[in-house]
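# Close look at the chain arrangement
So you can see what is in the structure, the chains are spelled out below.
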Amino acid sequence: MFDPTRLPFSLGFILSVLGMFGNAVASPPLFRISAFKDITAFLLDAVRQDYGLKLQINYVKNADEAHEDLRQQRADIVFMSYDDTLSMAVQEGYSDIAAFLPVHGGLLDLCGTLDLAAGKNRLGIDTETGYARALRLFLRDRYPDQRDYGQFQWLKKGATNIRYERLLDGSIDATLLNPPYSYQDGIQRIAPLIHGRAIPHYQGVVGNLNRSWLVNPANRQAVAEFVKAYILTVANLRNHQETAVNRLAAFYHLPKPTAAAVYARLWEADGLATSLEFDSQALAETERIFSQDTGLQVPKERAWVLLQNPVLDWLSIPRP
């Protein structure tokens, strides 16, 4: 039986439909947002500048703070890794969470120096959740001898921007970083995290909200306007390379060649999502990593993900 809710909406289709709307809402609502200070910060700044949305952003110090911001409804939208979505939904039993917007596939590189013979074994992580689970799997694959793997020290140092500082000051030897931090002067990239047999696909950051918040029609309309501005921002970045590189350089105070390298990294296989649809392979692989790390089985029915692209309904656009 034909089910139009299962159609794979492409970015081109979304943009053509959203083109019927103006570039900014007449009276933009205030969005309370919690996020990590990775490339998401740049995207949110572009949304705010280009589409006039009012964003009150809290850049969290770690994933625990992000969890509580959503749970305590201190934020309307919380950007964090899909593993953290799973941690809240499956491990913590928080049933109100809903992931609604894919942002990127991790964009992660292991950075720093690892040399067990020289005692370079201090790994900086945020918390036990999130990217730390993927890093543990990655290193078990690279160091299959438990005597080697057992030498690693796992140090909780906080969010990406904080771990970057700890890597520079020598408090840790290696950590996962994503752009722009993985391309800064003084940072050595060891290997990309998402590649090969250990982690072939991965869902990194996603936008999350509370289902109970969506009960209010005004909130559904507001988040639809946010999604509209966000996906247009990503399309503009991809379609206007020189402008995007200049904006990256200005926002992160980068030399232009470094900004160009960051820009190129955004469009690799683990880069920015260019569709509102979630990548089923990326979700499944991240769920596998979560299960392997926690011993918990992830239910087949993803009650914590809005998979059917409801933004079209929220904007009152007929489906084809």
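Our subject in this report is the structure included herewith.

Cut-offs and rules
- Residues numbered from 1 in each chain as written.
- Predicted model: local features only at pLDDT ≥ 70, side-chain atom pairs only at ≥ 80, totals over all residues.
- Heavy atoms only, no water.
- Helix = DSSP H or I, 4+ residues; strand = E, 2+ residues; numbered from the N terminus.
- Buried < 20%, exposed > 50% of the residue type's maximum accessible area, 1.4 Å probe, protein only.
- Contact = heavy atoms within 4.5 Å.
- Areas by Shrake-Rupley, 256 points an atom, 1.4 Å probe, with all protein chains shown as cover.
- Axes fitted to C-alpha atoms, helices over the stretch in contact; angles between N-to-C directions.
- Left-handed = near helix turned anticlockwise from the far one by under 90°.
- Nonpolar A, V, L, I, M, F, W, Y, C, P; charged D, E, K, R; others polar.
- Pairing = 2+ DSSP bridges.

Next up on the list: the overall build of the chain. Assigned secondary structure in the chain consists of twelve helices and ten strands. With 320 residues in all, the chain has 56% of them scored as buried. Long-range contacts, defined as pairs at least 24 residues apart, comprise 77% of the intrachain contacts of the chain with a sequence gap of at least 6. Carbon and sulfur atoms provide 49% of the accessible area of the chain, an area that totals close to 13,700 Å².

So, on to the packing of helix H9 (residues 241–252) against helix H10 (residues 256–265). Across the interface, H9 lies against H10 with an axial gap of 8 Å and an inter-helix angle of 115°. With respect to the hand of their crossing, H9 and H10 are arranged in right-handed fashion. Where H9 approaches H10, its residues Gln241, Glu242, Ala244, Val245, Asn246, Leu248 and Ala249 are matched on the opposing element by Lys256, Ala259, Ala260, Val262 and Tyr263. Of the residues that constitute the contact of H9 with H10, the class distribution is eight nonpolar, two polar and two charged.

So, on to the sheet that holds strand S4 (residues 97–102). The mixed open sheet is built from five strands, whose spatial order is S2-S1-S3-S10-S4. At either end of the open sheet lies a strand with only one pairing partner, and these are strand S2 (54–59) and S4. Going across the sheet, the axis of each strand differs from the next one's by a mean of 30°, ignoring polarity. Across the sheet, helix H4 (residues 82–91) lies against strand S3 (77–81), S4 and strand S10 (205–210), angled at about 105° from S3, the strand it touches most.

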